[in-house]
Amino acid sequence: GARSRPRAPLGYQPVHDTAIATHALTLQDPVDGEALSAWLDTLVTQYGSRLLRVKGLVHLAGEERPLVVHAVQHLVAAPRFLDAWPAGEGRTRLVFITRGLEANDLLLGYPGTEAPRWH
(Lines give C-alpha, C1' and ligand atoms only; values in the text may rest on other atoms or scores of the structure.)
Protein backbone atom coordinates (compact mmCIF):
# COMPACT_ATOMS: atom_id res chain seq x y z
CA GLY A 1 0.00 0.00 0.00
CA ALA A 2 0.91 3.64 -0.26
CA ARG A 3 2.97 4.93 2.62
CA SER A 4 2.08 8.28 4.06
CA ARG A 5 4.97 10.72 4.20
CA PRO A 6 5.49 12.73 7.36
CA ARG A 7 3.94 16.14 6.99
CA ALA A 8 4.94 19.39 8.60
CA PRO A 9 2.48 20.80 11.13
CA LEU A 10 0.00 23.33 9.82
CA GLY A 11 1.50 26.79 9.68
CA TYR A 12 5.06 25.46 9.79
CA GLN A 13 7.57 27.69 7.99
CA PRO A 14 11.11 26.41 7.37
CA VAL A 15 13.75 28.85 8.56
CA HIS A 16 16.46 29.71 6.06
CA ASP A 17 19.39 31.70 7.39
CA THR A 18 19.90 34.03 4.45
CA ALA A 19 22.44 36.05 6.45
CA ILE A 20 25.17 33.43 5.96
CA ALA A 21 27.61 34.56 3.28
CA THR A 22 30.99 33.61 1.86
CA HIS A 23 33.53 36.34 1.13
CA ALA A 24 36.78 35.46 -0.66
CA LEU A 25 39.66 37.91 -0.49
CA THR A 26 42.68 37.90 -2.82
CA LEU A 27 45.81 40.02 -2.34
CA GLN A 28 48.63 40.33 -4.87
CA ASP A 29 51.24 41.73 -2.50
CA PRO A 30 52.97 39.82 0.32
CA VAL A 31 51.50 40.52 3.77
CA ASP A 32 53.31 41.61 6.93
CA GLY A 33 52.98 38.80 9.49
CA GLU A 34 52.46 40.97 12.58
CA ALA A 35 49.90 43.12 10.79
CA LEU A 36 48.05 40.02 9.59
CA SER A 37 47.99 38.56 13.09
CA ALA A 38 46.68 41.83 14.57
CA TRP A 39 43.98 42.05 11.89
CA LEU A 40 42.74 38.49 12.45
CA ASP A 41 42.78 39.04 16.23
CA THR A 42 40.67 42.17 15.73
CA LEU A 43 38.14 40.30 13.58
CA VAL A 44 37.88 37.37 16.00
CA THR A 45 37.54 39.71 18.99
CA GLN A 46 35.01 41.99 17.34
CA TYR A 47 32.86 39.48 15.47
CA GLY A 48 33.57 36.10 17.10
CA SER A 49 30.37 34.11 16.77
CA ARG A 50 29.45 35.82 13.48
CA LEU A 51 32.79 34.86 11.94
CA LEU A 52 31.88 31.23 11.34
CA ARG A 53 35.09 30.23 9.58
CA VAL A 54 38.23 31.72 8.10
CA LYS A 55 40.59 29.68 6.00
CA GLY A 56 43.20 30.25 3.37
CA LEU A 57 46.82 30.60 2.36
CA VAL A 58 48.86 33.71 2.99
CA HIS A 59 52.00 34.95 1.23
CA LEU A 60 53.96 36.48 4.09
CA ALA A 61 56.59 39.09 3.30
CA GLY A 62 60.03 37.48 3.23
CA GLU A 63 58.67 33.91 3.17
CA GLU A 64 58.53 31.63 0.15
CA ARG A 65 56.25 29.00 1.68
CA PRO A 66 52.52 29.62 2.11
CA LEU A 67 51.13 30.16 5.61
CA VAL A 68 47.96 28.22 6.40
CA VAL A 69 45.35 30.31 8.23
CA HIS A 70 42.35 28.63 9.84
CA ALA A 71 39.92 29.98 12.41
CA VAL A 72 36.48 28.92 13.64
CA GLN A 73 34.56 31.59 15.53
CA HIS A 74 36.77 32.56 18.50
CA LEU A 75 39.37 29.85 17.92
CA VAL A 76 42.37 30.54 15.70
CA ALA A 77 44.48 27.49 14.87
CA ALA A 78 48.23 27.75 15.31
CA PRO A 79 49.66 28.98 12.01
CA ARG A 80 51.72 26.51 10.02
CA PHE A 81 53.58 26.56 6.74
CA LEU A 82 53.11 24.27 3.78
CA ASP A 83 56.28 23.05 2.06
CA ALA A 84 55.23 24.68 -1.22
CA TRP A 85 52.41 26.53 -2.90
CA PRO A 86 49.81 24.48 -4.76
CA ALA A 87 50.38 24.60 -8.53
CA GLY A 88 49.37 27.91 -10.02
CA GLU A 89 49.05 29.63 -6.65
CA GLY A 90 51.26 32.17 -4.93
CA ARG A 91 48.97 34.92 -3.74
CA THR A 92 47.17 35.43 -0.47
CA ARG A 93 43.64 34.08 -0.66
CA LEU A 94 41.38 34.00 2.39
CA VAL A 95 37.79 32.77 2.55
CA PHE A 96 35.49 34.10 5.27
CA ILE A 97 32.19 32.38 6.04
CA THR A 98 30.10 34.80 8.05
CA ARG A 99 26.66 35.36 9.51
CA GLY A 100 25.30 38.88 9.21
CA LEU A 101 28.57 40.46 8.04
CA GLU A 102 29.32 42.22 4.78
CA ALA A 103 32.68 42.04 3.06
CA ASN A 104 33.49 45.61 4.12
CA ASP A 105 32.88 44.71 7.79
CA LEU A 106 35.90 42.41 7.48
CA LEU A 107 38.17 45.37 6.72
CA LEU A 108 38.04 46.43 10.38
CA GLY A 109 41.72 46.81 11.30
CA TYR A 110 42.83 45.72 7.81
CA PRO A 111 46.56 46.38 7.66
CA GLY A 112 47.29 46.40 3.95
CA THR A 113 47.89 49.36 1.71
CA GLU A 114 46.63 47.32 -1.24
CA ALA A 115 42.89 47.51 -1.83
CA PRO A 116 41.54 43.99 -1.24
CA ARG A 117 39.72 42.25 -4.08
CA TRP A 118 36.57 40.43 -3.00
CA HIS A 119 35.13 37.54 -4.99
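Bear in mind the structure is a predicted one, so any value in this text is a computation, not a measurement. (Residues numbered from 1 in each chain as written. Predicted model: local features only at pLDDT ≥ 70, side-chain atom pairs only at ≥ 80, totals over all residues. Heavy atoms only, no water.)

Student: Which residues make up the packing of aromatic side chains, and what values go with them?
Tutor: Enumeration according to the criterion identifies three aromatic pairs in this entry. Between Trp 39 and Tyr 110, the ring centres sit 5.3 Å apart and the planes meet at 75°, which makes this aromatic pair edge-to-face. Of this pair, Trp 39 sits in helix H1 (residues 33-47) while Tyr 110 sits in the loop between strand E6 (92-99) and strand E7 (117-118); the two residues are 71 residues apart in sequence, bridging distant segments of the chain. You'll find Trp 39 and Tyr 110 in the same group, each marked buried. In this structure an aromatic cluster arises from ring pairing among Trp 39, Phe 96, Tyr 110 and Trp 118. (Phe/Tyr/Trp six-rings, centres within 6.5 Å; stacked < 30°, edge-to-face > 60°. Helix = DSSP H or I, 4+ residues; strand = E, 2+ residues; numbered from the N terminus. Buried < 20%, exposed > 50% of the residue type's maximum accessible area, 1.4 Å probe, protein only.)

Student: Which residues make up the pairing of strand E3 (residues 67-72), and what are the values?
Tutor: Inspection of the sheet shows strand E2 (residues 51-58) paired to E3 by five bridges, in the antiparallel sense. Bridge assignment links Val 54 to a residue of E3, and that residue is Ala 71. As paired elements, E3 and strand E4 (residues 75-76) share two bridges and run antiparallel to each other. Paired with Ala 71 across the two strands is Val 76, which belongs to E4. From the end of E3 to the start of E4, which pair antiparallel, there are two residues, and Gln 73 there has a positive phi angle of about 50°. (Pairing = 2+ DSSP bridges.)

Student: Can you explain the nonpolar core? Please cite residues and give values.
Tutor: Counting 21 residues, the largest nonpolar core has Leu 36, Trp 39, Leu 51, Val 58, Val 69 and Phe 96 as the members making the most contacts within it. Those elements giving two or more residues to this core turn out to be strand E1 (20-27), H1, E2, E3 and E6. A total of six residues in this core trace back to one element, the largest contributor, which is H1. Those residues in contact with Leu 36 that sit more than four places away from it in its chain are Val 31, Val 58, Leu 60, Leu 67, Val 69 and Pro 111. (Core = buried A, V, L, I, M, F, W, Y, C linked by side-chain atoms within 4.5 Å. Contact = heavy atoms within 4.5 Å.)

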